[in-house]
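Examination of the molecular architecture
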Amino acid sequence: MEERNLDEEGIIKELENKLNNAEEDAKRNGKLIGRVTRYRTVRLEEEELIGVDISFEDYMRSNVSRGQYLAIRTILRPVIIVGQVVSISRSDVLAEMGIREVTSRKDPASIITDTFLGIYPISEFDEEKNIVRPAVTPIDPQSPVFIPNPSLLEKILRIPEEGITIGKIFSGGEEIEAKVRLDEEALVHHTLVLGTTGSGKTTLLKSILYSKDLDKQTIVFDRQGDFVNFLISKREKFTVLMPVTSKMGNSAKDFLDTFASTYGCKVLEYESGALICNDTEVDVIPYSINFFDNIKNFHKLTPYFTPKASMYWESLVDKTLELLKITLHEIFNVYINDNILDEILRDKVTPASLAEEGNRISISPTLLDELNLRPKSQNISKSFVSFSQGNLTISLNKAFQEAMKALDIAPSTKEAIIRTLKAYDSYGIFTVKGTVDFDPEKAFKLNDKIIVDLSFVMNYSASIEAVATIAYKILEELFNWKTELYSKRSLENKLTLIIMDEAHEYFPQGNSEAVAKDIIEELINKIMRLGRVRRIGVILATHMPDDLNPLVLQLTNTKIVMRNDINVIKKIGMENYEDFLLHATPGLAIINSLNFAGIPIKTLIP
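All of these numbers come straight from a predicted model, not from anything done at the bench.

Looking at the overall build of the protein chain
- Within the protein chain, the regular secondary structure consists of 23 helices and 25 strands.
- The C-alpha atoms of the protein chain give 33 Å as radius of gyration, which overshoots the globular expectation for 606 residues (25 Å, by more than 25%).
- Along the three orthogonal principal directions, the C-alpha set of the protein chain runs to about 125 × 55 × 55 Å.
- Burial analysis of the protein chain (606 residues in total) assigns 52% to the buried set.
- Expressed as a percentage of contacts within the protein chain between residues at least 6 apart in sequence, the contacts between residues at least 24 apart total 72%.

Encoded structure:
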């Protein structure tokens, strides 16, 4: 009997030491506020809350709130468990004694009672094994409960130590110093930001653009000039890729003057595109899509070709150019290869060249001499090519019409093709004089921030089709460049972020006759699924996920959800955060990512 008492005393002594160690560990890692309850069984199972008792004095000092992150240091094992406060119970002394008082007199002393918390366990850190894992360790009654230090909270919630800081953890109704970061691994698995107007989406995107936490290069598609103005205000040197339309002028000077007038800048040098805007250096590149360079894959640049038109397009272009080569051969008696045809047509062909009967292309005698093209006769007239007085005139429309006839294209499909070509010609975004091609390598060597300023195209064409087509072409060029760097295993292949607000405008559902789903999904697959190994990270923002292609929802592994309506919240599977998201103030969000989920954050203001 005496031996058993000695053993019991030894166990008690050991437990006392363990309890003291747990308490000291809790104090080192945060602020001690209470203990796991002694008055009920503590269970660790699905949907079971951990009960915590807090003395009135600690309750007054701690200001504990619902939704707050707290930590528990278990006694028997050196494990720290982090959870969130789900419920808070307070009672008067009379309630605890089961006494009902009829009068409503004041008695401050009677509210000096303990507080009971219900904590939902999330994750734990095993100090001996130095690993973070789901909450699996049994929790001992009397285990110390504490407010964790920011570094400990970040570690147990699996937030990366390095990466772009997008906000601070929102714990118990206020932001704390613990940061939320997205590292490269998360970024190349892509991000979707969802929120209603005014919820803070654009501010978050600006914060990511401005961040210097990671070595990265960023290209932003800016529909309203918001990001241009933002970087000017930050005095941050950057490059603007300026898509223009033929309605704006026909020289680099016209376009640079328009940009300078819009943003209050001064042109320093027209040839290089150097401007100064509010003491900020800005390099502006006037840009348009060369139609002839892209004539064979035009149907892949726009999702607005009908499926039948897309099916015929490449064969139709091949046939048109074949007919033109044959006719030019008859006139000059030399083989016309692709290089010669490119020299003749590259800077002269627009959609109108194919669509409009009266649209003719004139080739000067000088160019013909440079190409060593000499006609058999000084006056020759063929069905769609003529040579007279040293000038060559080409009617590409007639060759195009003949090609459609040869391929036996149905009248309805012909009409759809001509209608689309005329619409795109009216936008004026192809082969504009005074513009250059987009070379991602050269552009990023100027600056690691590129803003594609789509506001001018929006203003002059008022067409989302034009904007989407430009975006698709730029994304294609960017993807091809990154593929080349990847294939060479180039050390210069750094992380490239693509930021697109109003993502549903670029990647619509594609479920109507006017929108080709295959083209949209092919592009999404390229830049998102295949872009990961090429170090491409895509960040999309929208307030209309129902209008967004479903593939985007599948391929974005990080979701940042801001204030939203109930239908969106349910679609994203965040019903548990309904109360938080329905009434969230600007900048508040719930984030799910590769390593962590369900973390409330307050995004940074750049």
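Here's the deal with the environment of Leu117
- Along the chain, Leu117 turns up in strand E5 (residues 115-126).
- Taking relative accessible area as the criterion, Leu117 reaches 0% and is therefore assigned buried.
- Distance in space between the C-alpha atoms of Leu117 and Ala403 is 78 Å, their sequence separation being 286 residues.
- Sequence-distant contacts of Leu117, defined by excluding residues within four places in its chain, comprise Ile50, Gly51, Val52, Ile54, Val64, Leu70, Val85, Ser87 and Ile88.

A closer look at unusual backbone geometry
- For Asn130, which is not glycine, the phi dihedral falls at a positive 55°.
- Along the chain, Asn130 falls in the loop between E5 and strand E6 (131-134).
- Phi is positive for Asn372, which is not a glycine, with a value near 60°.
- Topologically, Asn372 is positioned in the loop between helix H13 (365-370) and strand E17 (379-381).

So, the sheet that holds strand E19 (residues 391-394)
- The four strands are arranged E16-E19-E18-E17 in an open sheet whose pairing can be described as antiparallel. A strand with exactly one partner marks an edge of an open sheet, and here the two such strands are strand E16 (361-363) and E17. Direction aside, the axes of adjacent strands within the sheet are offset by 20° on average.
- Two strands pair when backbone bridges link them, and E16 and E19 are joined in this way by three bridges, in the antiparallel orientation.

Some remarks on the pattern of salt bridges
- Using the criterion set out here, one finds 31 salt bridges in the structure.
- Of the charged contacts, one joins Arg133 and Glu124 as a salt bridge, the two residues approaching to 2.6 Å between their closest N and O atoms.
- Owing to a relative accessible area of 17%, Arg133 belongs among the buried residues under this scheme.
- Within this structure, Asp25, Arg28, Arg73 and Glu127 form a network of salt bridges that share partners.

Notes on the side chain of Asp283
- Residue position: Asp283 is located in strand E15 (residues 280-287).
- As a buried residue without a salt bridge, Asp283 has its nearest oppositely charged side chain in Lys237, at a separation of 4.9 Å.
- Residues contacting Asp283, with those up to four places away along its chain left out, are Lys237, Phe238, Thr239, Val240, Gly273, Ala274, Leu446 and Asn447.

So, the nonpolar core
- In terms of nonpolar packing, the biggest core is built from 103 residues, with Phe221, Trp313, Ile394 and Phe507 touching the most fellow members.
- The biggest single contributor to this core is helix H18 (residues 464-487), with twelve residues.
- If we skip the residues at most four places from it in the chain, Phe221 touches Val452, Leu454, Ala471, Ile474, Leu475, Ile498, Ile499, Met500, Asp501 and Tyr506.
- Counting residues in each nonpolar core, the second largest holds 64 residues, with Leu204, Phe255, Ile451 and Ile599 among its members.

Observations concerning a nonpolar patch on the surface
- A surface patch of nonpolar side chains, amounting to about 280 Å² of accessible area, comprises Leu49, Val86, Tyr120 and Ile122.
- Residue Val86 is classed as partly exposed on the basis of its relative accessible area of 37%.

Things to note about the pairing of E5
- Burial within E5 is extensive, with ten of its twelve residues counted as buried.
- Sheet topology places strand E2 (residues 50-54) next to E5; five bridges connect them, and they run antiparallel. By the bridge assignment for E5, Ile50 is matched with Ile119.
- Bridging between strand E4 (residues 79-89) and E5 involves ten bridges; their strand directions are antiparallel. For Gly83, the partnering residue across the bridge sits in E5 and is Pro121.
- Where E5 meets E6, four bridges bridge the pair, whose relative direction is antiparallel. Among the inter-strand pairings, Glu124 is bridged to a residue of E6, identified as Arg133.
- Between E5 and the antiparallel strand that follows it, E6, lie four residues; Asn130 among them carries a positive phi value of about 55°.

Section: the packing of aromatic side chains
- Per the counting criterion, the structure on display carries 20 aromatic pairs.
- Aromatic pair Phe259 and Tyr263: ring centres 4.7 Å apart, planes at 45°, arrangement tilted. With a gap of four residues between them, Phe259 and Tyr263 both fall in helix H8 (residues 252-263), about one helical turn apart. Accessibility assignment for this pair places Phe259 and Tyr263 in one class, buried.
- Counting every residue linked through ring pairs, the aromatic cluster contains Phe291, Phe298, Phe305, Trp313, Phe400, Tyr424, Tyr427 and Phe430.

About the thresholds
Residues numbered from 1 in each chain as written. Predicted model: local features only at pLDDT ≥ 70, side-chain atom pairs only at ≥ 80, totals over all residues. Heavy atoms only, no water. Helix = DSSP H or I, 4+ residues; strand = E, 2+ residues; numbered from the N terminus. Rg over C-alpha atoms; globule rule 2.2 N^0.38 Å. Buried < 20%, exposed > 50% of the residue type's maximum accessible area, 1.4 Å probe, protein only. Contact = heavy atoms within 4.5 Å. Pairing = 2+ DSSP bridges. Axes fitted to C-alpha atoms, helices over the stretch in contact; angles between N-to-C directions. Salt bridge = Lys/Arg side-chain N within 4 Å of Asp/Glu carboxyl O. Lys, Arg positive; Asp, Glu negative; His and termini not counted. Core = buried A, V, L, I, M, F, W, Y, C linked by side-chain atoms within 4.5 Å. Patch = residues over 30% accessible without salt bridge, like charges linked within 9 Å, V, L, I, M, F, W, Y side chains within 5 Å. Areas by Shrake-Rupley, 256 points an atom, 1.4 Å probe, with all protein chains shown as cover. Phe/Tyr/Trp six-rings, centres within 6.5 Å; stacked < 30°, edge-to-face > 60°.

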